[in-house]
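These are the residues of each chain, in order.
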Amino acid sequence: MNDATQGIEIRNDVALERATAGLRALVGEESSRLFPASKYPDKTLRSLGVDEEILPIIRLIPDEDHLEALHKVLPEHQYDVLLGLATGMTPEAIDRELVQAYARTAAQAPAADDADELGAAMARSRGRVALVSGPVELQGILERPFDAWRVFLHPSQYRVAYHEGYAGPARVTGGPGTGKTVVALHRAYHLARRLPADAPDGCVLLTTYTKDLAAELERCLALLVEEKDVRARIRVINVDALANEIVRAERGGAPLKLVFDQKEITARWARIARRLGINFTDVFLDQEWRQVILAQALTEPEEYLKAPRTGRGTALPPLKRLQVWRAVSAFEEQLRQAGEWTFLQVCAEAARILDDRGRGRTAMS
């Protein structure tokens with residue numbers, strides 16, 4: 001039973017003894033170890049739920065790689081605490097995010113017989129252990145709202161969301177359900193919280209692909225960010241709406257006439273190919289326009305002749321590229337004459353407008 005959380009834990013003492021022997025064989029001064037007593041006193045670690053019996057091995061860990069190797073050996077809560085410290089969280093933050101969360105779970109647990117110490121500890125536990133009296137109680141657990149988990153940040157995600165050293169854009173990858181969205185929410189919160197008090201509203205942009213996803217991000221931010229001034233600095237909007245807004249503002253606010261139907265777009269490519277007598281399919285022309293010409297903001301045939309076509313399959317000799325360019329010019333002219341836009345055109349134009357604004361600010365500074 002963990003002294004800090006008063007919950008049940010699973011510990012592999014045999015594996016811990018083996019790991020301790022292996023770590024003792026490593027040579028290193030205390031200052032080079034991950035959890036030196038000078039920085040993390042025993043009292044601090046014990047208050048966060050680290051067992052007295054585990055402290056000796058904790059003092060031997062030299063780096064995060066060796067800590068990660070102990071993931072399956074250490075009790076779940078204690079590993080989370082140590083990982084949080086290793087990634088830069090303060091003991092106060094860990095107490096608030098992990099230890100107190102356990103305490104809240106314990107307070108909500110049903111009363112247990114004082115004589116049954118194990119049963120009481122199981123009732124207070126969270127994570128791997130839940131004590132239920134039957135299927136009705138189990139169903140009640142499964143039906144509880146998951147709002148708290150929508151913004152919960154594991155220590156391994158904390159190092160990404162609150163990292164201070166990014167020198168430019170950073171990309172986070174992972175499969176479905178690995179917490180990318182939660183990391184993005186916390187990153188937006190972190191950036192907004194660091195801004196000065198007089199920072200304008202909406203200066204941190206959190207964007208996604210659809211209106212529904214944007215609405216869900218808004219809801220999750222309301223769960224995460226309590227400070228109204230910090231929340232006002234974060235703007236959530238889907239990409240298409242943002243691009244449309246930028247282009248409309250540049251053109252005086254008039255609504256854009258958008259072509260939504262992809263079948264209609266490919267049919268136009270097919271008619272242009274027949275009229276020009278070129279041997280390209282409608283799908284090929286549409287993809288070449290979107291994935292090469294629009295993607296690289298190419299505006300002149302000379303640029304297209306030199307442009308890379310990574311991932312587009314068979315190489316195109318100069319003559320074929322000029323034929324493609326003729327088709328693209330005809331397609332875009334058709335749209336201009338009708339006053340129409342595709343979604344990707346709007347996005348490309350918005351990017352161009354923002355680039356021009358950025359160059360203007362650089363020139364002035």
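Residues numbered from 1 in each chain as written. Predicted model: local features only at pLDDT ≥ 70, side-chain atom pairs only at ≥ 80, totals over all residues. Heavy atoms only, no water.

Visitor: Explanation requested: the pattern of salt bridges in the structure shown.
Guide: Pairs can form between side chains of opposite charge whenever their charged atoms are close. This structure, assessed with the given rule, holds 16 salt bridges. A salt bridge links Asp286 to Arg290, with the shortest nitrogen-to-oxygen separation between them at 3.0 Å. Highlighted residues: Asp286 and Arg290, both in helix α16 (residues 282–294), separated by four residues, approximately one helical turn. On the basis of relative accessible area, Asp286 is assigned to the buried category, the value being 3%. The partner of Glu288 in a salt bridge is Arg309, and the shortest N-O contact between them spans 2.6 Å. (Salt bridge = Lys/Arg side-chain N within 4 Å of Asp/Glu carboxyl O. Helix = DSSP H or I, 4+ residues; strand = E, 2+ residues; numbered from the N terminus. Buried < 20%, exposed > 50% of the residue type's maximum accessible area, 1.4 Å probe, protein only.)

Visitor: Just to check I follow, could you spell out the environment of Glu164 for this structure?
Guide: Within the fold, Glu164 resides in the loop between α10 (155–161) and α11 (180–194). Judged by relative accessible area, which is 53%, Glu164 ranks as exposed. Distance in space between the C-alpha atoms of Glu164 and His190 is 9.8 Å, their sequence separation being 26 residues. Non-local contacts of Glu164, meaning those with residues more than four positions away in its chain, are made with His190 and Arg194. (Contact = heavy atoms within 4.5 Å.)

Visitor: Which parts of the structure should I look at to understand the pairing of strand β1 (residues 204–208)?
Guide: In the case of a regular strand, side chains alternate between the two sheet surfaces. With burial as the criterion, only one face of β1 is covered, namely that bearing Val204, Leu206 and Thr208; the residues Leu205 and Thr207 on the opposite face remain uncovered. Across five bridges, the pairing between β1 and strand β2 (residues 234–238) is parallel. Counted as the bridge partner of Leu206 is Val236 from β2. (Pairing = 2+ DSSP bridges.)

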